[in-house]
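Close look at the chain arrangement
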Amino acid sequence: VIANDRTENLMKILSNKQLIISSEDSINIESFSHISSVVAKSINNNKISLTFDPNNFKVEKILEEIYKSKIQVSDITTQQPDLEEIFKHLIAKK
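Predicted model only: the values in this text are computed from it and were never measured.

Some details on the pairing of strand β3 (residues 47-52)
Working note: regular strand, side chains alternate between the two faces of the sheet. Summarising burial for β3: 5 of the 6 residues are buried, a large majority. As paired strands, strand β1 (residues 17-23) and β3 are joined by 6 bridges and run antiparallel to one another. If you follow Gln-18 over to β3, its bridge partner there is Thr-51. Relative to β3, strand β2 (residues 39-44) is paired through 5 bridges, and the arrangement is antiparallel. Of the residues in β3, the one forming a bridge with Ala-40 is Leu-50. Between β2 and β3, which follow one another and run antiparallel, lie 2 residues.

If you want it as structure tokens, here you go:
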């Protein structure tokens, strides 16, 4: 498998991002179930992962929902696929 392109273009192959929210209190994952463009997963009682495509969905909507749900955020981190994950994705397609 050869993917000859700029890094920024290869990164668009898997454009999903994860927003990981931590709180001192438990987080109700159901607060995000009505947002169809977001996949919410519970990591533990106080931490959730919200996966979305930033090309099709604005992170501001997630932040608005956090605010409306009165979640006391202690930490927010983001993760996105790296080149190794994109390479694995390309191989799996073959």
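A look at the environment of Ser-22
Positionally, Ser-22 belongs in strand β1. Taking the C-alpha atoms as reference points, Ser-22 and Asn-45, separated by 23 residues in sequence, lie 9.3 Å from one another.

Looking at the sheet that holds strand β4 (residues 73-79)
Spatial ordering of the open sheet is given by β2-β3-β1-β4, a layout of 4 strands whose pairing is antiparallel. The strands lining the two open edges of the sheet, one partner per strand, are β2 and β4. Taking each pair of neighbouring strands and ignoring which way they run, the sheet shows an average axis angle of 20°.

Overview of the pattern of salt bridges
Tallied over the full model, the rule gives 1 salt bridge. The closest approach of N and O atoms between Lys-68 and Glu-65, which form a salt bridge, is 3.7 Å. With Lys-68 and Glu-65 both in helix α2 (residues 59-68) and 3 residues apart, the pair spans about one turn of that helix. With a relative accessible area of 59%, Lys-68 lands in the exposed category.

As for the side chain of Ser-31
Relative to the helices and strands, Ser-31 is located in the loop between β1 and β2. Relative accessible area serves as the criterion here: at 17%, Ser-31 is assigned to the buried category. Beyond its immediate chain neighbours, meaning those up to four positions away, Ser-31 contacts Glu-65 and Ser-69.

A short note on the nonpolar core
Counting 13 residues, the largest nonpolar core has Ile-21, Phe-32, Val-38, Leu-50 and Ile-62 as its most contacted members. The set of elements that each furnish at least two residues to this core consists of β1, β3 and α2. Discounting chain neighbours no more than four positions away, the residues touching Val-38 are Leu-50, Thr-51, Phe-52, Phe-57 and Ile-62.

Rules used throughout
- Residues numbered from 1 in each chain as written.
- Predicted model: local features only at pLDDT ≥ 70, side-chain atom pairs only at ≥ 80, totals over all residues.
- Heavy atoms only, no water.
- Buried < 20%, exposed > 50% of the residue type's maximum accessible area, 1.4 Å probe, protein only.
- Helix = DSSP H or I, 4+ residues; strand = E, 2+ residues; numbered from the N terminus.
- Pairing = 2+ DSSP bridges.
- Axes fitted to C-alpha atoms, helices over the stretch in contact; angles between N-to-C directions.
- Salt bridge = Lys/Arg side-chain N within 4 Å of Asp/Glu carboxyl O.
- Contact = heavy atoms within 4.5 Å.
- Core = buried A, V, L, I, M, F, W, Y, C linked by side-chain atoms within 4.5 Å.

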